[in-house]
Amino acid sequence: MTATPYLILVASLGVLWFASAKMGRGRRWVMPICVAMALFVVWHIAVTAAGSEITPTPLEAGAAFAQLVKSNRLWGDVVASLFRVTAGFFLAVAVGIPLGLVVGWSTKTFEALNPIIQGLRPVSPIAWIPFAILWFGIGDGAGVFLIFLSSFFPIAVGTVAAVQNISLVHQRSAMNFGLKGVELFRRVVLPAAMPQIITSLRIALGVAWLVIVAAEMVGMDSGLGYLINDARNMGKRYDLVAATMIVIGAIGIVLDLMIRRLERFDEVRWGYAKR
Amino acid sequence: MSDEVAQARANENAGSTPGEARPKVVFEGVDKDFDQGGQPLPVLRGVDLTVKEGEFVCLLGPSGCGKSTLLNIAGGFESPTAGRVTIDGDPVNGPDARRVFVFQEYGIFPWASVWDNVALGLRHLGKAEQAAIIQPTIDMVGLQGFERSYPMELSGGMKQRVEVARALAVSPDVIYMDEPFGALDSLTRLQMRAEIVRIWQESQTTILFVTHDVDESIQIAERIVVLSARPGEISDIITVDLDHPRDLGSPEYGRIKNRLFETLGVSHSI
Ligand SMILES: Nc1ncnc2c1ncn2[C@@H]1O[C@H](COP(=O)(O)OP(=O)(O)OP(=O)(O)O)[C@@H](O)[C@H]1O
Ligand SMILES: [Mg+2]
């Protein structure tokens, strides 16, 4: 009977739960693991109760995941998606941060550019796919372009807001000590805006990871989004779809953890501390 | 205006007589209006004041009377609606690295270490030259051992010392302090006052110090300039003829305190 592994799981979780009273640092993981396991159980029960032939149970998704890992297919698609996200994201950082710093600092530039930025921002990057393919073809170029678009706006807008938030005393300190031009940006504007910029990088990377999957589903022939589409079209392998979704989620978490490490630098910690 | 005040002011603006210190910061008929929803809000009216070189002057007045505004005008961050401020005879038209502000809210940079904050005004010097100034300045304000710390790791009093050190490092000829100890507890405040007096005695810098604390002004200033409630006008100028360290129980201290409370229009016997 397929429910047996779950019963064993629930029983061992119960043991873990009671044992956790004596645990030290590991303790805070007990609750999240229990909740996740409970959700897997609910998932399993829901699928079996509905009698669906095609919706996978968590066990089937797990088996599909093992199959994916063994095939060479998964790594190629992971690399394809990650490459597009990284390249597009870094391009957006390279353009968005300097532009945001200048637009945020200079009122004139802000008045000139802000309406355009605000006008382009609400257009979903997915809507750009036809043009992306027209200009760059089906391949990495279009993906990088779309990720650039989807990260650029959060980064630029976040940087502008960060600069406009710089406190008056810090601006006056800078003026008092005669800081100008590049030095002003390097010593005051950039570091003052940095904590908020890092937050906008986090948002941008999250959006980029959402967008790349959608973009690969619609208009590309590799990557995790394409893998999902492919699994569905080639013999309705919904177990592979679910397994890929789990991979996407896991990579998303890792990307966020990586970017959050930026928040630990001495130069920006002040921006996150409770004051 | 009482005769005493008129006399004080006449002495004030008589200019330098031989052997006396030169005028340093001179306010001439300074008015300031802010715009408040289209209506002018008068904040300062007819401020005439001469601060002499090396003098320690306190600006005392009730909250909202325009003390910060007056200091900001001297510092070049605001411009007066009428009148002008000169330093060494030259009109002020913008901030200047020779005259340093210690702000009412912390003005040091939270993203830079204590050392780098103090280095701000010395950035044109070589590393060795910087160190030769920074270390003694940090020692002077009692922060040795915290050079690599960041402001968020320091107490309020220590942050204020960093800001004082940042100002002192450039050997400014005028220091403006806007209620620098306002956010500190009363013990730390007393300690900081003693320190600022010591630093002033050592450096011979001209200091313009804003406060709304009567005792603070008598403890530290050579001269106390009292501003009325908004619109701020000079309502009294008192010379504090007491040597440091000052005896807070002396009759002269009590006399000055009474006079200040009288001018400010509050009774201090509760
Ligand atoms: N930038 C500004 N725009 C409009 N009004 C202002 C501005 N700055 C100050 N004011 C007004 O001017 C008046 C004087 O302000 P100021 O900050 O100089 O007072 P203060 O004497 O320093 O008070 P406190 O002791 O509370 O610091 C206040 O009524 C304030 O509302
Ligand atoms: Mg003030």
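Residues numbered from 1 in each chain as written. Chains lettered and ligands numbered in written order. Predicted model: local features only at pLDDT ≥ 70, side-chain atom pairs only at ≥ 80, totals over all residues. Heavy atoms only, no water.

Draft legend 1. Inspection of the overall build of chain B at higher detail. For chain B, the helix and strand inventory stands at eight helices and ten strands. Relative to the globule expectation of 18 Å for 270 residues, the C-alpha radius of gyration of chain B, 19 Å, shows essentially globular dimensions. Considered along the principal axes of its C-alpha atoms, chain B spans approximately 55 × 45 × 45 Å. The proportion of buried residues among the 270 residues of chain B is 50%. Residue pairs in contact within chain B that sit at least 24 positions apart in sequence constitute 69% of those at least 6 positions apart. Accessible area of chain B: about 11,800 Å², with a carbon and sulfur share of 50%. (Helix = DSSP H or I, 4+ residues; strand = E, 2+ residues; numbered from the N terminus. Rg over C-alpha atoms; globule rule 2.2 N^0.38 Å. Buried < 20%, exposed > 50% of the residue type's maximum accessible area, 1.4 Å probe, protein only. Contact = heavy atoms within 4.5 Å. Areas by Shrake-Rupley, 256 points an atom, 1.4 Å probe, with all protein chains shown as cover.)

Draft legend 2. Summary view of the nonpolar core. Membership of the largest hydrophobic core comes to 110 residues, with the highest contact counts inside it found for Leu224 of chain A together with Ile224 and Leu260 of chain B. With 15 residues, the top contributor of residues to this core is helix H9 (residues 181-219) of chain A. If you look at the next biggest cluster of nonpolar residues, it comprises 30 residues, including Leu71, Val210, Val225 and Ile234 of chain B. (Core = buried A, V, L, I, M, F, W, Y, C linked by side-chain atoms within 4.5 Å.)

Draft legend 3. Representation of the coordination of the magnesium ion (ligand 2) in the model. All names here are of chain B. Within the protein, Ser68 (OG) and Gln104 (OE1) serve as the donor atoms for the magnesium ion (ligand 2), at 1.9 to 2.6 Å. Within this pair, whereas Ser68 is found in helix H2 (residues 67-75), its partner Gln104 is found in the loop between strand S6 (99-102) and helix H3 (114-118), the two being separated by 36 residues in sequence. Residue class for Ser68 comes out partly exposed when judged on its relative accessible area of 22%. (Donors = N, O, S within 2.8 Å, 3.2 Å for Na, K, Ca; no water.)

Draft legend 4. Region of interest: the interface of chain A and chain B. Of the residues lining the interface, 20 residues belong to chain A; the matching set on chain B comes to 26 residues. A per-residue breakdown of the area chain A buries against chain B is headed by Arg172, Asn176 and Phe177 of chain A, which together make up 36% of the total. The tally of links from chain A across to chain B stands at three salt bridges. Note that Glu183 of chain A is salt-bridged to Arg123 of chain B, the shortest N-O span being 3.1 Å. Sorting the residues of the side of chain A that touches chain B by element identifies helix H8 (168-176), H9 and helix H12 (266-269) of chain A as the ones contributing at least two each. In terms of residue count, the dominant contributor to the side of chain A that touches chain B is H8 of chain A (seven residues). Tallied by class, residues from the side of chain A that touches chain B come to ten nonpolar, four polar and six charged. (Buried area = accessible area lost by both parts, 1.4 Å probe. Salt bridge = Lys/Arg side-chain N within 4 Å of Asp/Glu carboxyl O. Nonpolar A, V, L, I, M, F, W, Y, C, P; charged D, E, K, R; others polar.)

Draft legend 5. Here's a closer look at the pairing of strand S7 (residues 174-178) of chain B. Residue and element names in this part refer to chain B. In terms of burial, S7 is a largely internal element, five of the five residues being buried. Residues Val174, Tyr176 and Asp178 of S7 are buried on one face, and the alternating residues Ile175 and Met177, pointing to the opposite face, are buried as well. When S6 meets S7, the two strands line up parallel, connected through four bridges. Paired with Arg99 across the strands is Val174, a residue of S7. Bridge analysis of S7 against strand S8 (residues 206-211) gives five bridges, and the strand direction is parallel. For Met177, the partnering residue across the bridge sits in S8 and is Phe209. For the handedness criterion, the β-α-β arrangement of S7, helix H6 (residues 186-203) and S8 is classed as right-handed. (Pairing = 2+ DSSP bridges. Right-handed = clockwise from strand over helix to strand, strands pointing away.)

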